[in-house]
Amino acid sequence: MRILICEDSALLREGLVRVLEDAGHTVVAALPDARDLVTVVGDTGPELCILDVRLPPTFTDEGIRAALALRAEHPALPVLVLSQYVEERYASDLITGQGAALGYLLKDRVADVRDFLASIERIGAGATVLDPEVVAQLLTRRARDERMARLTDRERTVLALIAEGKSNQAIAQTLFISEASVEKHITSLFQKLGLEQDEHGNRRVLAALVHLEHGGTQPQNGALR
């Protein structure tokens, strides 16, 4: 199989080249960053592309953006993404996007050469191969999303106001409803979010964190009460 590698670590990059070539594959290019990736792919015609999630210059999302760009430009090209840690949002973007075979493996898996090469073969043959840890964390994230989906629009609004640090009285004044109604909404959303009552009043803090995890704004006025 003709394989292109994009990995900033010289040690890992050269290690991948050796492992793949010893297994009979051809490494058509081994790049330290993604600047010329799309061009090199067009020039070399690989049958599989291996990319690190975090690449120069910022070591944040260059690799994943390059992978998404590759899948848009060359939808039939299988892509294997390697990551030091599970990047939930990035994994979701790749998995839910359109394109050919896909792999998402943690770098620790590369140490098991036999399994790594088996994954390479499977991805090259059209399969999707996901690290078990990636699957586990994505399922956990989905569970959180399903909790949020249970909330009504009014409960979501109340939750957003809780995240701003507003008291029940302030929420009632903002929404032009009674404090009793606010308390009913809060009790309901606590139940739907699976937040058990405690003696320290931490449910408001936990509810605010759930809100923030799903794209809410940061609290605007002090501590949550």
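Preceding this paragraph is the structure being described.
Scoring rules and cut-offs
Residues numbered from 1 in each chain as written. Predicted model: local features only at pLDDT ≥ 70, side-chain atom pairs only at ≥ 80, totals over all residues. Heavy atoms only, no water. Disulfide = S-S within 2.5 Å. Buried < 20%, exposed > 50% of the residue type's maximum accessible area, 1.4 Å probe, protein only. Salt bridge = Lys/Arg side-chain N within 4 Å of Asp/Glu carboxyl O. Axes fitted to C-alpha atoms, helices over the stretch in contact; angles between N-to-C directions. Helix = DSSP H or I, 4+ residues; strand = E, 2+ residues; numbered from the N terminus. Parallel < 35°, antiparallel > 145°, perpendicular 65-115°, else oblique. Contact = heavy atoms within 4.5 Å. Nonpolar A, V, L, I, M, F, W, Y, C, P; charged D, E, K, R; others polar. Pairing = 2+ DSSP bridges. Right-handed = clockwise from strand over helix to strand, strands pointing away. Core = buried A, V, L, I, M, F, W, Y, C linked by side-chain atoms within 4.5 Å. Lys, Arg positive; Asp, Glu negative; His and termini not counted. Polar contact = N/O pair within 3.5 Å; in protein donor to acceptor, adjacent residues only side chain to side chain.

J.: Help me understand the state of the cysteines in this model?
T.: By definition, a disulfide links two cysteine residues through a covalent bond between their sulfur atoms. With the rule as written, the count across this model stands at zero disulfides. In this structure Cys-6 is not part of a disulfide, and its nearest cysteine sulfur, from Cys-49, lies 6.7 Å away. What makes Cys-6 buried here is its relative accessible area of 1%. Cys-49 gets classed as buried once you look at its relative accessible area, which sits at 0%.

J.: Looking at this structure, how should I read the pattern of salt bridges?
T.: Side chains bearing opposite charge may pair, as long as their charged atoms lie close to each other. All told, the structure shown has six salt bridges when counted by the stated rule. Among the salt bridges present, the one from Arg-65 reaches Asp-61, with a minimum N-O distance of 3.1 Å. Arg-65 sits in the partly exposed class, given a relative accessible area of 46%. Beyond isolated ion pairs, a larger network of salt bridges with shared partners links Glu-7, Asp-52 and Lys-107.

J.: Just to check I follow, could you spell out the packing of helix α8 (residues 168-175) against helix α9 (residues 179-192) for this structure?
T.: Helix-helix packing is described using two parameters, namely the angle between the two axes and the distance between the axes. Contact geometry of α8 with α9 gives a least axis separation of 8 Å together with a crossing angle of 110°. Accordingly, the angle class assigned to the pair α8 and α9 is roughly perpendicular. Listed contacts from α9 to Asn-168, Gln-169, Ile-171 and Ala-172 of α8 are Glu-179, Val-182, Glu-183 and Ile-186. For the contact of α8 with α9, a count of residues per class yields four nonpolar, two polar and two charged.

J.: Is there a simple way to think about the pairing of strand β2 (residues 26-31) in this case?
T.: In regular strands, side chains alternate between the two faces of the sheet. Pairing of strand β1 (residues 2-6) with β2 involves five bridges; the strand directions are parallel. Note on β2: the bridge partner recorded for Leu-4 is Ala-29. Viewed along the sheet, the connection from β1 through helix α1 (residues 10-22) into β2 turns out right-handed.

J.: What is the right way to read the nonpolar core from this model?
T.: Side chains of nonpolar character tend, in soluble globular proteins, to be buried together. Core analysis: the biggest nonpolar cluster contains 25 residues, and Leu-4, Leu-37, Leu-51 and Val-81 have the highest contact counts within it. Among the secondary structure elements, those contributing two or more residues to this core are β1, β2, α2 (37-44), β3 (48-52), α3 (62-73), β4 (79-83), α4 (88-96) and β5 (102-106). Considering each element in turn, this core owes the most residues, four residues, to α3. With near-sequence residues (within four places) excluded, Leu-4 lies in contact with Val-28, Ala-29, Leu-31, Leu-37, Val-40, Val-41, Thr-44, Pro-46, Leu-48, Cys-49 and Ile-50.

J.: What should I look at first to understand the environment of Val-129 in this one?
T.: Here Val-129 shows up in strand β6 (residues 129-130). Residue classification places Val-129 among the buried positions, given a relative accessible area of 5%. Sequence spacing of Val-129 and Gly-103 is 26 residues, and the spatial spacing of their C-alpha atoms is 4.6 Å. Sequence-distant contacts of Val-129, that is, excluding residues within four places in its chain, are made with Leu-102, Gly-103, Tyr-104, Leu-105, Ser-119, Arg-122 and Ile-123.

J.: Would you explain the side chain of Arg-13 in this entry?
T.: Along the chain, Arg-13 turns up in helix α1. Of the side chains bearing the opposite charge, Glu-14 lies closest to the buried Arg-13, which forms no salt bridge; the N-O distance is 4.2 Å. Polar side-chain contacts of Arg-13 include one of 2.7 Å to the backbone oxygen of Glu-7. Ignoring any residue separated from it by four or fewer positions in sequence, one finds Arg-13 in contact with Ile-5, Glu-7, Asp-8, Ala-30, Leu-31 and Pro-32.

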